[in-house]
Amino acid sequence: EPESPRRRPDRRRTVRGRGYQFPDWAYKTESSPGSRQIQLWHFILELLQKEEFRHVIAWQQGEYGEFVIKDPDEVARLWGRRKCKPQMNYDKLSRALRYYYNKRILHKTKGKRFTYKFNFNKLVMPNYPFINIRSSGKMQTSLGGE
DNA sequence: CACGGAACGG
DNA sequence: CCGTTCCGTG
């Protein structure tokens, strides 16, 4: 990749790749150079990926990218533990999620309690290639194709 | 509960 | 920028 060493303008910039367009946020990794802190949306995907947290947070079958926080207190506790913020709670965590609305990362599923939806409609995230949410709720990632 | 402004800090 | 904290409003 022709990465320029300059700082990114950090707008809603898109990057072209083989016919697809990816938003900037899709490129951010947990361990970026300079060791950037973990992003909340990344942490959410991390939990959704693991079956041991299915009673805490899980994909909603039916709607692609939609997930339900089944135990808000627990998700907040886990997030607080990760960020070393013991006072974290769902009120604060949900404020952070709301900031994602303008960034087009998430939106709220209105009417459904604790239910949000990722905006990866039809877009493929390079860091999570080919995400498939099956009816079982399991998320599969594969590196095939490309 | 959900929303978004405001102040603040790393 | 990316949340964290706090809070008034619906």
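Rules used in this analysis
Residues numbered from 1 in each chain as written. Chains lettered and ligands numbered in written order. Predicted model: local features only at pLDDT ≥ 70, side-chain atom pairs only at ≥ 80, totals over all residues. Heavy atoms only, no water. Pairing = 2+ DSSP bridges. Helix = DSSP H or I, 4+ residues; strand = E, 2+ residues; numbered from the N terminus. Axes fitted to C-alpha atoms, helices over the stretch in contact; angles between N-to-C directions. Contact = heavy atoms within 4.5 Å. Salt bridge = Lys/Arg side-chain N within 4 Å of Asp/Glu carboxyl O. Buried < 20%, exposed > 50% of the residue type's maximum accessible area, 1.4 Å probe, protein only. Arc of directions from axis to C-beta. UniProt positions renumbered as here; feature names shortened; annotations may be inferred.

## A word on the sheet that holds strand β6 (residues 115–118)
Paired through backbone hydrogen bonds, the strands of a sheet run either parallel or antiparallel to each other.
Part 1 of the reasoning: Overall, antiparallel pairing links the four strands, which are arranged β3-β4-β6-β5 in an open sheet. Here the strands that pair on one side only, and so sit at the sheet edges, are β3 (57–59) and β5 (106–108). Each strand of the sheet is rotated relative to its neighbour by a mean of 30°, with strand direction disregarded.
Part 2 of the reasoning: Bridge count for strand β4 (residues 66–69) against β6 is three bridges, and the pairing is antiparallel. Note that in β6 the partner of Glu66 across the bridge is Lys117.
Part 3 of the reasoning: The sheet contacts of helix α3 (residues 90–102) involve β4, β5 and β6, and relative to β5 the element is tilted by about 115°.

## Topic: the pattern of salt bridges
Part 1 of the reasoning: According to the stated counting rule, one finds four salt bridges in the structure shown.
Part 2 of the reasoning: Between Glu46 and Arg82 there is a salt bridge, with the nearest N and O atoms lying 2.4 Å from each other. Linking Glu46 in helix α1 (residues 40–49) with Arg82 in helix α2 (residues 72–82), this pair joins segments that are 36 residues apart in sequence.
Part 3 of the reasoning: One salt bridge connects Lys112 with Glu66, and the closest N-O pair in it is separated by 3.5 Å. Within this pair, whereas Lys112 is found in the loop between β5 and β6, its partner Glu66 is found in strand β4, the two being separated by 46 residues in sequence.
Part 4 of the reasoning: Lys112 gets classed as partly exposed once you look at its relative accessible area, which sits at 38%.
Part 5 of the reasoning: Residue classification places Glu66 among the buried positions, given a relative accessible area of 3%.

## What to know about α3
Part 1 of the reasoning: Turning to α3, its buried residues number three or more, namely Tyr90, Leu93, Ser94, Leu97 and Tyr100. Angularly, the buried residues of α3 cover 95° about the axis, an arc narrow enough to put them on a single face. Opposite the buried face of α3, at more than 90 degrees from it, the exposed residues are Asp91 and Asn102.
Part 2 of the reasoning: Elements that come into contact with the buried residues of α3 comprise α1, β4, α2, β5 and β6.
Part 3 of the reasoning: Positive backbone phi, approximately 65°, marks Arg104, located one or two places after α3.

## Structural notes on the UniProt feature "domain: ETS" (unreviewed entry) in chain A
Part 1 of the reasoning: In the numbering adopted here, UniProt assigns the feature "domain: ETS" (unreviewed entry) to residues 38–119.
Part 2 of the reasoning: In the segment residues 38–119, helix accounts for 41% and strand for 17%; the C-alpha atoms at its two ends are 19 Å apart.

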